[in-house]
Each structure stands twice: as structure tokens, then as C-alpha cells.
Amino acid sequence: MKNKIYSSSPRFAKQKVLAKISYNQVKLLTEDFNLIVSHERLYGEQKQGKMADVS
């Protein structure tokens, strides 16, 4: 996950979020464990992904 960028909704700027990481997905969650956004996990030379699902 080093040097990879995963975005979230601007409404969560400067807020603490949690990351749930699996072999193929990175899910960003609120502190109450509600889904913010889901990304395909990046490997290799990919630096930044696209948002897959926004709550």
C-alpha cells in the first residue's frame, strides 16, 4: 500500500477514516464503520485508482 493514493468524498476532508484492506479491495469507512468508498486495490506501478462506489 506504500505510495498508493485512494480518494474519498470531499465531505470527509480532515476527518479520520478507517481502511479495510483485502487482496483485491480497499474500503474506506467512517469511524462508525459505514462505507464511504470502495476501490480496487492497486498493485505494481499503478499509483492512483478510481472511485468504485460512494455512499
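Up top you'll find the structure we're talking about.
Now for a quick tour of the structure. Being a predicted model, the structure only gives us computed values, none of them experimental.

### Focus: the pairing of strand 3 (residues 35–40)
Logical step 1: Where strand 2 (residues 25–29) meets strand 3, five bridges bridge the pair, whose relative direction is antiparallel. By the bridge assignment for strand 3, Q25 is matched with E40.

### Describing the side chain of T30
Logical step 1: Mapped onto the elements, T30 comes out in the loop between strand 2 and strand 3.
Logical step 2: For T30, a relative accessible area of 16% puts it in the buried group.

### Brief notes about the environment of K27
Logical step 1: Looking at where K27 falls in the secondary structure, it is placed in strand 2.
Logical step 2: Remark: the alpha-carbon pair of K27 and Y6, spanning 21 residues in sequence, is separated by 9.2 Å.
Logical step 3: Discounting chain neighbours no more than four positions away, the residues touching K27 are L18, A19, K20, L35, V37 and S38.

### Topic: the pairing of strand 2
Logical step 1: Note: strand 1 (residues 18–21) against strand 2, four bridges, orientation antiparallel. Paired with A19 across the bridge in strand 2 is L28.
Logical step 2: The antiparallel hairpin formed by strand 1 and strand 2 contains three residues in its connecting segment.
Logical step 3: A loop of five residues connects strand 2 with strand 3, the two strands running antiparallel in sequence, and F33 in this loop sits at a positive phi of about 70°.

Parameters at a glance
Residues numbered from 1 in each chain as written. Predicted model: local features only at pLDDT ≥ 70, side-chain atom pairs only at ≥ 80, totals over all residues. Heavy atoms only, no water. Pairing = 2+ DSSP bridges. Helix = DSSP H or I, 4+ residues; strand = E, 2+ residues; numbered from the N terminus. Buried < 20%, exposed > 50% of the residue type's maximum accessible area, 1.4 Å probe, protein only. Contact = heavy atoms within 4.5 Å.

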